[in-house]
Amino acid sequence: MAGKEIVKEYQNEGITVIWKPGKCIHAAVCVKTLPEVYKPDDKPWINPQNASVEALQSQIDRCPSGALSYRIKNEKQKPENKKSNMSQKVEVTPNGPLMVHGELEITMVDGTTETKKRATAFCRCGASDNKPFCDGSHKGIDFEDS
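Residues numbered from 1 in each chain as written. Predicted model: local features only at pLDDT ≥ 70, side-chain atom pairs only at ≥ 80, totals over all residues. Heavy atoms only, no water.

### Some thoughts on the sheet that holds strand β4 (residues 89-92)
If you walk across this open sheet you meet the three strands as β4-β5-β8, and the pairing is antiparallel. Sheet topology places β4 and β8 (120-122) at the edges, where each strand pairs with a single neighbour. Across the sheet, the axes of successive neighbouring strands diverge by a mean angle of 25°, strand direction being ignored. As paired strands, β4 and strand β5 (residues 98-101) are joined by four bridges and run antiparallel to one another. Note on β5: the bridge partner recorded for Glu-91 is Met-99. (Pairing = 2+ DSSP bridges. Helix = DSSP H or I, 4+ residues; strand = E, 2+ residues; numbered from the N terminus. Axes fitted to C-alpha atoms, helices over the stretch in contact; angles between N-to-C directions.)

### Concerning the pairing of strand β2 (residues 15-19)
In terms of burial, β2 is largely enclosed, as five of its five residues are buried. Where burial is concerned, the two faces of β2 agree: the one with Ile-15, Val-17 and Trp-19 and the one with Thr-16 and Ile-18 are both buried. Judged from the four bridges that link them, strand β1 (residues 8-11) and β2 form a sheet pairing that is antiparallel. The residue bridging Tyr-10 from the neighbouring strand is Val-17, located in β2. (Buried < 20%, exposed > 50% of the residue type's maximum accessible area, 1.4 Å probe, protein only.)

### Focus on the nonpolar core
Counting 18 residues, the largest nonpolar core has Trp-19, Tyr-38, Ile-46, Leu-56 and Leu-68 as its most contacted members. Where this core is concerned, the elements lending two or more residues are β2, α2 (53-60) and β3 (68-72). Looking at which element gives the most residues to this core, the answer is β2, with three residues. Setting aside chain neighbours within four positions, we find Tyr-38 in contact with Val-17, Cys-30, Val-31, Trp-45, Ile-46, Leu-56, Gln-59, Ile-60 and Leu-68. In terms of nonpolar packing, the next biggest core, distinct from the first, is built from six residues, Leu-104, Ile-106, Phe-122 and Phe-133 among them. (Core = buried A, V, L, I, M, F, W, Y, C linked by side-chain atoms within 4.5 Å. Contact = heavy atoms within 4.5 Å.)

### Points about the environment of Pro-64
Note that Pro-64 resides in the loop between α2 and β3. Filtering out sequence-adjacent residues up to four positions away, Pro-64 remains in contact with Ile-25, Ala-27, Val-29, Met-99, Ala-119, Thr-120 and Ala-121.

### What to know about the pattern of salt bridges
Inspection of every chain in the model, using the stated rule, returns three salt bridges. Across the salt bridge formed by Glu-9 and Arg-71, the nearest N and O atoms sit 2.8 Å from each other. Residue Glu-9 is located in strand β1, and its partner Arg-71 is located in strand β3; the two are separated by 62 residues in the primary sequence. Judged by its relative accessible area of 46%, Glu-9 falls in the partly exposed class. The salt bridge involving Asp-145 is made with Arg-124; its shortest N-O contact spans 2.4 Å. Separated by 21 residues along the polypeptide, Asp-145 in the segment after α3 (137-140) and Arg-124 in the loop between β8 and α3 bring together distant segments of the chain. (Salt bridge = Lys/Arg side-chain N within 4 Å of Asp/Glu carboxyl O.)

### Thoughts on α2
Where α2 is concerned, the buried positions are Leu-56, Gln-59 and Ile-60. Taken down its axis, α2 places every buried residue within 95° of arc, on the same side. Buried-residue contacts for α2 involve β2, α1 (29-33) and β3. (Arc of directions from axis to C-beta.)

### Re the pairing of β5
Joining the antiparallel neighbours β4 and β5 is a turn of five residues, in which Asn-95 adopts a positive phi near 55°. Relative to β8, β5 runs antiparallel, the two sharing three bridges. Within β8, the residue paired with Leu-98 across the bridge is Phe-122.

Scope: geometric values only; no functional claims are made or implied.
Right, dumping it as structure tokens:
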């Protein structure tokens, strides 16, 4: 049985950065893009006051796992049930997950469904504890493309 999802929020005057550590694949896109915001050795490790709202939005939109998202202050949330016209793109990352970009509806083994609206990392190595999603386990087993 799955436990409750951990969700952490970090905010500045204009944006709230939302981090879901269970989804993180440790691709380090955040740390490489905005090292003044994301400092894994510090507590708190996310400091959104060190970047503009626009810089944070741009970086978070490139998070490959969807572990990072955001909420803009005073902006209405978009309805979840509206379909977008975004197409999908599939990318096989070297020695890593299968990245599927775009809006997806995923049907799980138990029949439940999840909707993903951005890049989703799917496990290719078989070692993930969060299947079908990647949890970064490929690094620990030295997974390599054949």
